[in-house]
Amino acid sequence: MTEKTKQTHQDAEVHIVRPPVYLAIFAALMVLTALTTGISFIDLGVFNAVIALAIACVKASLVVLFFMHIHYSSRLLKLTVAAGLFTFMLLISLTMTDYISRAWGMF
Amino acid sequence: MDSQSIATTPEELESSGLPHAHDHPAFMRHHFEDIGQQREAASFGMWVFLLTEVMFFGGLFCAYLIFRNWYHPAFVAGSNTLDITLGTTNTAVLIGSSFTMAMAVYSAEMRRKGQLILFLVLTIVLGSVFLGIKAVEYHQKYVDHHIPGMNFSIQEFVHPTNPKAIPLAPDMAEKTQLYFFLYFAMTGMHALHMIIGIGMLFFLVARASKGAFTAGHVMPIENFGLYWHFVDIVWIFLFPLLYLISRYR
């Protein structure tokens, strides 16, 4: 292995996320937490669950992309995360096709 | 003899006095081409582990979804016995601990030992505060006879003290046990992950104080960070599902 390839590899792989990014994400997560708690006191019918879960998904995405560095990661890692979530959604959907076709009440 | 087979950490290698003529840092394993490849492999392995964890918690979430649909009134009644103030505080505390953990990874990358130890200790403190608040909540459930199988009482659900609550028929009120079973199973497994995480943090602080992660070997901190953020994400979904989506208005 030559010195040159080693250097390029190291430079390409490591991306150090700076504190301002972490602070901004932390602030966004706190605002979303306050928002989701506030909205839970307003009666929106079924949309209470929809909005609460949508906010949770946004929060989780922020954590995965920035705290867990996926935004800056290689395609292999991005694909790994995407494949895992896709498989998870597939399992939930297949289970739900059974239950939803029998009796579906309220959520 | 391959010195890598004996010395597994930079300090050990230094103190072992074995000759090491290779042109690479001591923490790099011989079967990797370079440090970049080693880091990529470690991150990939950690993510595959985290995906198995997604499937594990996913099963509990799926059970919650189905039973909530079947016994909706019981789940609404059970959900309203939780303390929303404590739940929101705990969410903020846990997000704070994720932030300090992210800063710990940054400190390790910047090779600042003191700062790394500070942020790891802060993560331990915030994680412990979370568990403390959780213990207060669990104790309240014990006092209220809302732990399934332990002198469980449906009194509060058949004859509610909260004027906004809708009284349940005794057979539906019994189903609140299922809500509390899932509540304890999900928050309990989450808390167990945090207890294991805090244990590992103590280990990491001890190693960090010897300078193990501030000489280029950031991977253990980085991978533990991934684990800690994953535990945070589980709570991000548990909080709305257990506390928020069915408040009485």
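This is a predicted model, so every value here is computed, not measured.

### Some details on the overall build of chain B
So, point 1. If you tally the helices and strands in chain B, you get nine helices and zero strands.
So, point 2. The C-alpha radius of gyration computed for chain B amounts to 23 Å, which surpasses the reference 18 Å derived for 249 residues by more than 25%, pointing to a less compact arrangement than a globule.
So, point 3. Along the first, second and third principal axes, the C-alpha atoms of chain B reach 80 × 30 × 30 Å.
So, point 4. Counting over 249 residues, chain B shows a buried share of 37%.

### Quick notes on helix α4 (residues 84–109) of chain B
So, point 1. With 26 residues, α4(B) should cover 38 Å at 1.5 Å per step; its first-to-last C-alpha distance of 38 Å lies within 8% of that length.
So, point 2. With its phi angle positive at about 60°, Arg111(B) sits one or two positions after the end of α4(B).

### A look at helix α8 (residues 176–209) of chain B
All names here are of chain B.
So, point 1. For α8, which comprises 34 residues, the first-to-last C-alpha distance of 48 Å matches the rise-based estimate of 50 Å (1.5 Å per residue) to within 8%.
So, point 2. Within α8 the residues assigned to the buried category are Thr176, Tyr179, Phe180, Leu182, Tyr183, Met186, Thr187, His190, Met194, Leu201, Leu204 and Ala208.
So, point 3. Buried residues along α8 sit in contact with α2 (35–70), α3 (72–79), α5 (113–143), α6 (155–158), α7 (170–174) and α9 (219–244).
So, point 4. Residue Gly211 follows α8 closely and has a positive phi angle near 85°.

### Focus: the domain arrangement of chain A
Residues and elements named next belong to chain A.
So, point 1. Per the domain assignment, the segments making up chain A are domain 1 (3–73) and domain 2 (74–107).
So, point 2. The partner domain 2 presents five residues to the five residues of domain 1 that form the contact.
So, point 3. Its residues placed into classes, the side of domain 1 that touches domain 2 shows four nonpolar, one polar and no charged.

### What about the packing of α8(B) against α9(B)?
All names here are of chain B.
So, point 1. Relative orientation of the contacting elements α8 and α9 amounts to 160°, with a least axis distance of 11 Å. Taken together, the axis directions place α8 and α9 in an arrangement best described as roughly antiparallel. Of the two elements, α8 crosses α9, and the hand of that crossing is left-handed. Residues Tyr183, Met186, Thr187, His190, His193, Met194, Gly197, Met200 and Leu204 of α8 touch α9, and the partners they reach there are Pro220, Ile221, Phe224, Tyr227, Trp228, Val231, Val234, Trp235, Leu238 and Leu242.
So, point 2. Taken together, the residues of the contact of α8 with α9 break down into 15 nonpolar, four polar and no charged.

### A look at the interface of chain A and chain B
So, point 1. Taken together, the contacts link 44 residues of chain A with 43 residues of chain B.
So, point 2. Contributions of two or more residues to the side of chain A that touches chain B are made by α1 (3–13), α2 (19–39), α3 (47–67) and α4 (75–100) of chain A.
So, point 3. Looking at side-chain class alone, the side of chain A that touches chain B contains 28 nonpolar, 12 polar and four charged residues.

### Topic: the nonpolar core
Side chains of nonpolar character tend, in soluble globular proteins, to be buried together.
So, point 1. Core analysis: the largest hydrophobic core is formed by 71 residues, its most contacted members being Ala102(B), Ala104(B), Ile221(B), Val234(B) and Leu238(B).
So, point 2. Elements represented by at least two residues in this core include exactly α2 and α3 of chain A together with α2, α3, α4, α5, α8 and α9 of chain B.
So, point 3. With 17 residues, α9(B) is the largest single contributor of residues to this core.

About the criteria used
Residues numbered from 1 in each chain as written. Chains lettered and ligands numbered in written order. Predicted model: local features only at pLDDT ≥ 70, side-chain atom pairs only at ≥ 80, totals over all residues. Helix = DSSP H or I, 4+ residues; strand = E, 2+ residues; numbered from the N terminus. Rg over C-alpha atoms; globule rule 2.2 N^0.38 Å. Buried ≥ 20, exposed ≤ 12 C-beta atoms within 10 Å, placed from the backbone. Expected span 1.5 Å × (residues − 1). Contact = placed C-beta atoms within 7 Å. Domains from an automatic or database assignment. Nonpolar A, V, L, I, M, F, W, Y, C, P; charged D, E, K, R; others polar. Axes fitted to C-alpha atoms, helices over the stretch in contact; angles between N-to-C directions. Parallel < 35°, antiparallel > 145°, perpendicular 65-115°, else oblique. Left-handed = near helix turned anticlockwise from the far one by under 90°. Core = buried A, V, L, I, M, F, W, Y, C linked by C-beta atoms within 7 Å.

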